Amino acid sequence: MPGEIFNSGGRCAQNEAAGSMNNLVATSHAVARQVLPFLSQKAIPITPSNYRLWYEYFSGSWPELRETLDRLLKDGLEFTPDLTNSLYYRFFSIEASENRLKVLNRTEEKVQQMALEIIKGLLISISNSTVFSQSLGRYLSVIEEAQDLETLRDVVGKILEESSLVIKAHETFHGQMKETSESLRQLQEDLLRAQELANTDELTGLPNRRALNCRIIEEESRARRYDTTLSFILFDLDDFKKVNDSFGHLVGDRLLAITAKAIKAVIRLSDTPARFGGEEFAVICPQTDLIGAINLANRLRVSIEETTFTVKGAVVKATISGGAAMYRLGETPTDLIERADQALRLAKERGKNLIANEKDFPADN
């Protein structure tokens, strides 16, 4: 019968789904039985991020992650909080960034919902007051026409009864507003934190590309409005891939963090540094002409060149190349960034560890 065939097929599908779920549960339990003893043995705190990192390792689903951790285990490194945080950032940073944006969006939705509740409560309060005003008008007419004290006493009683309801409604609304005010204060703090996280590069602590894009639009608008100078510098760590290949990605991450620290030490408070992407960094320099930007870039270049650190007895040194450009009235921020990028490429072509600028372009540019 068709119905029997259908029911049989449905049962088969259910059995298959149940079987898949059972397999998934069994696999996750098997991996967990490897992860937890391992974390205890290595004295690694059993946190969600550590568990996830090593769950992926023991499940074998991520070859690059497994290869990296195998190499660290072979070298006998201690899995300190800094090391595990760096590993988590490296393999889950994109997902983490997306999660921060989701938190930001959810917080904004909560604020909007709360605003709607405030408006709704206010309208109800106004409605109660309006109804009471209308009732007062009717009661005044009755009082003017009243012929005896009994009628007056009855009207006054009704006025007191309705006024107490209105007062109670206002008190309720006042209480709700007080609670809402506190909730809004907390949400505002959450929103600010979420915005800061969404605009910050987790590894270096610098503003990220998203934040840089917003800031350069603001600075371009200010330079255009007040006819002031604005420069942009783009840096790139020379031969960064060799550092990763020779010493590993964790050392590369450390070098990026050191570079970020050096940038913050050299620039002014009015300048905006950012991680542009990968091993590239940028600095927005308001009220700075091209000469000033070149001087700043060279100070940073020398600072990085003089910085060294040791990894397993080997001295790690790095250099940077940079490109500087100055805003031209009427152009877009993208035009300014492209010229700085072109100058950076020119610096690379000329031998690295130097700063080029838009004045260095060939005549046909």
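Everything below is about the structure printed above this text.
Fair warning: this is a prediction, and the values are worked out from it, not measured in the lab.

**With respect to the pairing of strand 4 (residues 308-311)**
On strand 4, burial follows the alternation: F309 and V311 on one face are buried, whereas T308 and T310 on the facing-out side are not. Across four bridges, the pairing between strand 4 and strand 5 (residues 314-317) is antiparallel. Looking at strand 5, one finds that F309 is bridged to V316. What sits between the antiparallel neighbours strand 4 and strand 5 is a turn of two residues, in which K312 has the positive phi angle 50°.

**A look at the environment of K317**
As for its placement among the helices and strands, K317 is situated in strand 5. The sequence separation of K317 and E306 amounts to eleven residues, and the corresponding C-alpha distance is 8.0 Å. Those residues in contact with K317, other than ones at most four positions away along the chain, are E305, T307 and T308.

**Points about the pairing of strand 1 (residues 230-237)**
Extensive coverage of strand 1 is indicated by the burial of eight of its eight residues. The alternating pattern of strand 1 places L230, F232, L234 and D236 and S231, I233, F235 and L237 on opposite faces, both of which are buried. When strand 1 meets strand 3 (residues 280-286), the two strands line up antiparallel, connected through seven bridges. Across the sheet, residue D236 finds its bridge partner in strand 3, namely E280. Where strand 1 lies against strand 6 (residues 320-326), seven bridges are found, and the strand directions are antiparallel. Along strand 6, the bridge assignment pairs L234 with G323.

**Looking at unusual backbone geometry**
Glycine aside, the phi torsion of most residues is negative, and most peptide linkages are trans. Phi angles above zero are rare outside glycine, and D227 is one such case at about 55°. Examined against the element boundaries, D227 turns out to sit in the loop between helix 6 (209-226) and strand 1. D227 gets classed as exposed once you look at its relative accessible area, which sits at 63%. For D239, which is not glycine, the phi torsion reads 50° and is therefore positive. Positionally, D239 belongs in the loop between strand 1 and helix 7 (240-247). Taking the relative accessible area as the measure of exposure, D239 reaches 34% and is therefore partly exposed.

**What to know about the packing of aromatic side chains**
Summed over all chains, the structure comprises seven aromatic pairs. Seen in terms of ring centroids, F38 and F58 are 5.4 Å apart; in terms of plane orientation they differ by 75°. Their pairing is edge-to-face. Here F38, found in helix 1 (residues 2-41), pairs with F58, found in helix 2 (residues 48-59); they are 20 residues apart in sequence, far enough to count as distant. A relative accessible area of 19% means that F58 is categorised as buried. Ring geometry for Y51 versus Y55: centroids 5.9 Å apart, planes at 35°, classification tilted. Separated by four residues within a single helix, Y51 and Y55 lie in helix 2, roughly one turn from each other.

**Observations concerning the environment of K352**
Mapped onto the fold, K352 is located in the loop between helix 10 (333-349) and strand 7 (355-357). Residues K352 and D239 lie 113 residues apart in sequence; the distance between their C-alpha atoms is 9.2 Å. Setting aside its immediate chain neighbours within four residues, K352 contacts D238, D239, S321 and A347. In this structure the side chain of K352 is engaged in a polar contact, spanning 2.7 Å, whose partner is the side chain of D239.

What counts as what
Residues numbered from 1 in each chain as written. Predicted model: local features only at pLDDT ≥ 70, side-chain atom pairs only at ≥ 80, totals over all residues. Heavy atoms only, no water. Buried < 20%, exposed > 50% of the residue type's maximum accessible area, 1.4 Å probe, protein only. Helix = DSSP H or I, 4+ residues; strand = E, 2+ residues; numbered from the N terminus. Pairing = 2+ DSSP bridges. Contact = heavy atoms within 4.5 Å. Phe/Tyr/Trp six-rings, centres within 6.5 Å; stacked < 30°, edge-to-face > 60°. Polar contact = N/O pair within 3.5 Å; in protein donor to acceptor, adjacent residues only side chain to side chain.

What is shown is where atoms sit, not what they do.
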